[in-house]
Amino acid sequence: MFFDKLEKVLDLRPRAIAERAGPAHKRVPTMTDDEKPKLLSSGNPQIPKGDGDGPVQAYIAAMPGWKSDVGRRIDALVERAFPEVRKAVKWNTPLYGKDDGWFFSMYCYKRYVQLTFMRGTSLSPVPPKSSKIEGTRYLDIHQEDELDEALIEDWVKQACRLPGVSL
């Protein structure tokens, strides 16, 4: 909610920023729909927010290198585990949820893809990486890691049975 309000107040869309920047020769270049999204300094694709599968697929397609394959595998795994999944991209992050809120997300860093379980401390076994956010746990996937799809799918099945989180 906070970010949505902030975005409306500041109008953080790239075109709005460019239009306020002054003469064309001093403007920040903006992306067209045909251009590949820019990567943020963290290595995460900059994707416009939106609801549904389309924005999530755009995010996955923009994930650099080997991370895009991991994104496709994780997305398919979530759909297999919970076919009624609700999807969206907010804050350059694909979110997976249900009617009462979000239960899972992923984020692309330069060296790994991070899976976020919003109620991760309630999962068994608990995902390995702790968070400053109460209840949240992470799994970091590096290029050389073997993806344990069975464990991740089990975590997704558990997570979607727990109350969702409002963001």
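As a reminder, the structure under discussion sits directly above these lines.
Computed from a predicted model, the values in this text were never measured in an experiment. (Residues numbered from 1 in each chain as written. Predicted model: local features only at pLDDT ≥ 70, side-chain atom pairs only at ≥ 80, totals over all residues. Heavy atoms only, no water.)

(A) Main features of the nonpolar core. Formed by 32 residues in total, the largest nonpolar core has its most connected members in I74, Y96, F103, L115 and I152. Secondary structure elements with two or more residues in this core: α3 (53-62), α4 (66-81), β4 (101-108), β5 (112-117), β6 (137-142) and α5 (149-161). Not counting residues up to four positions away in its chain, the partners in contact with L115 are I74, F104, S105, M106, R137, Y138, L139, I141 and I152. By size, the runner-up hydrophobic cluster in this structure holds five residues, among which are A88, W102, M118 and V165. (Core = buried A, V, L, I, M, F, W, Y, C linked by side-chain atoms within 4.5 Å. Buried < 20%, exposed > 50% of the residue type's maximum accessible area, 1.4 Å probe, protein only. Helix = DSSP H or I, 4+ residues; strand = E, 2+ residues; numbered from the N terminus. Contact = heavy atoms within 4.5 Å.)

(B) Fine view of the pairing of β5. Counting buried positions over the six residues of β5 gives six, a clear majority of the element. Across the two faces of β5 the burial is the same, with Y112, Q114 and T116 and V113, L115 and F117 all buried. As paired elements, β4 and β5 share five bridges and run antiparallel to each other. By the bridge assignment, M106 is partnered in β5 with L115. Across six bridges, the pairing between β5 and β6 is antiparallel. Bridged to Y112 within β6 is H142. (Pairing = 2+ DSSP bridges.)

(C) Region of interest: the environment of P125. Turning to its location among the elements, P125 is positioned in the loop between β5 and β6. By relative accessible area, P125 is classed as partly exposed at 45%. In contact with P125, not counting residues within four places along its chain, are L151 and W155.

(D) A look at the packing of α4 against α5. For the pair α4 and α5, the least separation of the axes is 9 Å and the interaxial angle reads 50°. Relative to α5, α4 is oriented oblique. Relative to α5, the crossing made by α4 is right-handed. Residues R73, I74, L77, V78, R80 and A81 of α4 touch α5, and the partners they reach there are E149, I152, E153, V156 and K157. Per-class residue counts for the contact of α4 with α5 are six nonpolar, no polar and five charged. (Axes fitted to C-alpha atoms, helices over the stretch in contact; angles between N-to-C directions. Parallel < 35°, antiparallel > 145°, perpendicular 65-115°, else oblique. Left-handed = near helix turned anticlockwise from the far one by under 90°. Nonpolar A, V, L, I, M, F, W, Y, C, P; charged D, E, K, R; others polar.)

(E) Structural detail: α4. Compared with the 22 Å implied by 1.5 Å per residue over 16 residues, the 23 Å span of α4 between its first and last C-alpha is a close match. Listed in full, the buried residues belonging to α4 are K67, S68, V70, G71, I74, D75, L77, V78 and A81. (Expected span 1.5 Å × (residues − 1).)

(F) Fine view of the side chain of R137. Note on placement: R137 falls in strand β6. There is a polar contact of 2.8 Å between the side chain of R137 and the backbone oxygen of P127. Side-chain polar atoms of R137 contact the backbone oxygen of K129, separated by 3.4 Å. For R137, the residues in contact, after removing those within four places along its chain, are L115, T116, F117, G120, T121, V126, P127, P128, K129 and S130. (Polar contact = N/O pair within 3.5 Å; in protein donor to acceptor, adjacent residues only side chain to side chain.)

(G) Fine view of the sheet that holds strand β2 (residues 86-90). Across the sheet, six strands lie side by side as β1-β2-β3-β4-β5-β6; this open sheet has antiparallel pairing. Both outer strands of the open sheet, β1 (50-51) and β6, are each paired with one neighbouring strand and no more. Bridge count for β2 against strand β3 (residues 93-98) is five bridges, and the pairing is antiparallel. When the sheet's bridge partners are listed, V89 is paired in β3 with P94. Against the sheet, α4 makes contact with β2, β3, β4, β5 and β6, and its axis sits at roughly 25° relative to β5, the strand it touches most.

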